[in-house]
Amino acid sequence: MRTMTKKKGASALPLNTILAGDCIEAMNSLPEASVDLIFADPPYNLQLKGDLHRPDNSRVDAVDDHWDQFSSFAVYDAFTKAWLKAARRLLKPDGAIWVIGSYHNIFRVGATLQDEGYWILNDVVWRKSNPMPNFRGKRFTNAHETMIWASKSEGAKYTFNYEALKALNEGIQMRSDWVLPICNGGERLKDSNGDKAHPTQKPEGLLHRILVGSTNPGDVVLDPFFGTGTTGAVAKMLGRDWIGIEREEAYREVAARRIASVRKYDREALQVSTSKRAEPRVPFGQLVERGMLRPGETLTSPSGKIAKVRADGTLIGDDVKGSIHQVGAHLEGAPSCNGWTYWHFRREGKTVSIDVLRQQVRAEMVERTH
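The structure presented is a predicted model; accordingly, all values stated were derived computationally and were not measured.

(A) Quick look at the pattern of salt bridges. Under the criterion given, the structure shown has eleven salt bridges. Between K128 and E145 there is a salt bridge, and its shortest N-O distance comes to 2.7 Å. One end of the pair, K128, is in strand 6 (residues 119-128); the other, E145, is in strand 7 (residues 144-151), and 17 residues separate them in sequence. Among the residues examined, K128 registers a relative accessible area of 16% and is labelled buried. Taking relative accessible area as the criterion, E145 reaches 8% and is therefore assigned buried. Residues R290 and E364 are paired through a salt bridge, measuring 2.8 Å at the closest nitrogen-oxygen approach. Highlighted residues: R290 in the loop between helix 9 (284-289) and strand 11 (298-300) and E364 in helix 12 (residues 354-368), separated in sequence by 74 residues.

(B) Region of interest: the packing of helix 6 (residues 230-237) against helix 7 (residues 249-260). Where helix 6 meets helix 7, the closest approach of the two axes is 9 Å, and the angle between their N-to-C directions is 15°. If you check the angle between helix 6 and helix 7, you find them roughly parallel. Both helix 6 and helix 7 take part in a crossing whose hand is right-handed. When helix 6 is examined against helix 7, the residues T230, G232, A233 and K236 are found in contact with a partner set consisting of R258, I259 and A260. Tallied by class, the residues present in the contact of helix 6 with helix 7 amount to three nonpolar, two polar and two charged.

(C) Spatial organisation of the environment of K157. Tracing the backbone shows K157 in the loop between strand 7 and helix 4 (162-168). In sequence terms K157 and A96 are 61 residues apart; their C-alpha atoms lie 8.9 Å from each other. Not counting residues up to four positions away in its chain, the partners in contact with K157 are P93, D94 and G95.

(D) Region of the structure containing the sheet that holds strand 3 (residues 17-20). Taken in spatial order, the eight strands make up an open sheet running 3-10-9-4-5-7-6-8, and their pairing is mixed. The open sheet has two edge strands with one neighbour each: strand 3 and strand 8 (177-180). With strand direction ignored, the average angle separating the axes of adjacent strands in the sheet is 20°. Taken together, the four bridges between strand 6 and strand 8 define a ladder with parallel strand orientation. By the bridge assignment, V125 is partnered in strand 8 with D177.

Conventions and cut-offs
Residues numbered from 1 in each chain as written. Predicted model: local features only at pLDDT ≥ 70, side-chain atom pairs only at ≥ 80, totals over all residues. Heavy atoms only, no water. Salt bridge = Lys/Arg side-chain N within 4 Å of Asp/Glu carboxyl O. Helix = DSSP H or I, 4+ residues; strand = E, 2+ residues; numbered from the N terminus. Buried < 20%, exposed > 50% of the residue type's maximum accessible area, 1.4 Å probe, protein only. Axes fitted to C-alpha atoms, helices over the stretch in contact; angles between N-to-C directions. Parallel < 35°, antiparallel > 145°, perpendicular 65-115°, else oblique. Left-handed = near helix turned anticlockwise from the far one by under 90°. Contact = heavy atoms within 4.5 Å. Nonpolar A, V, L, I, M, F, W, Y, C, P; charged D, E, K, R; others polar. Pairing = 2+ DSSP bridges.

So this is what it looks like as structure tokens:
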């Protein structure tokens, strides 16, 4: 599973590896500005007071592990400041971070993020479709967790695959409230005794949405609180490199077995929807140069307007000449026109959009880069 790569002038970056030990020390040992995305699921500092029981008096398997225990808010805040500082050093200038938490800690984490120079882009509410009931009946059922998505600094660039997330959401713009189930059933990992391998294992669906939306294939994703390796498993499936840091040996062993059994999706399956602006630019004249359209060939519009192709990639129609966009706008009396979707040509008795030819050229350009 271990893969090593080198950045010029930097020590080796341990890709696809689980590092043992303290997350702050481990992050400080890695090369500066070497990571594209950090997903962090830090201790929540739940401040539980005694056991929690169901109405039938059975004990709830709550989070009471030693790693979630802090003696005071001041100690927790100092820990948060230290790991966020180490994380920011690792992020590339266009890198970003996601931090997930509950009402116990997320507001303190959010303030520290801002204090350390990060720039908050969104808070995203993960609304659990199947939350644990509130057995005491003295508060609302805790049916959500909050995630903060932040760039490295104000004005910094970051990856946001808007069209891919829109496609995931059946063509509707993705909102900042996500309804997803908690990790249960066959996805919930168990230890040798049949108990939960980790009390706060996150569902793969949550990480899938985060990585599809804010990383690209080949990016490096770091999880400083790796647990049972959900981040690594999903990153591997999606063709991203990953680094996990985990101090608990039992969790490392579970994560290593889990990730070893994961298969990466094939290259074609890893492609996602992109915006038109992100696709390679294809001048209309290139279609003429390549003989896909010939000088003198007639183009038509849905409204019946006609123009002819000229040798330099411009059009002439009625009393106007210019680009495919300029001529279309003039003929329709409109301030602007997308000529790629406006103009059509005839082939084998069928009317075809010139945008089909542009997409053919783009596909060839993408193939040449792989």
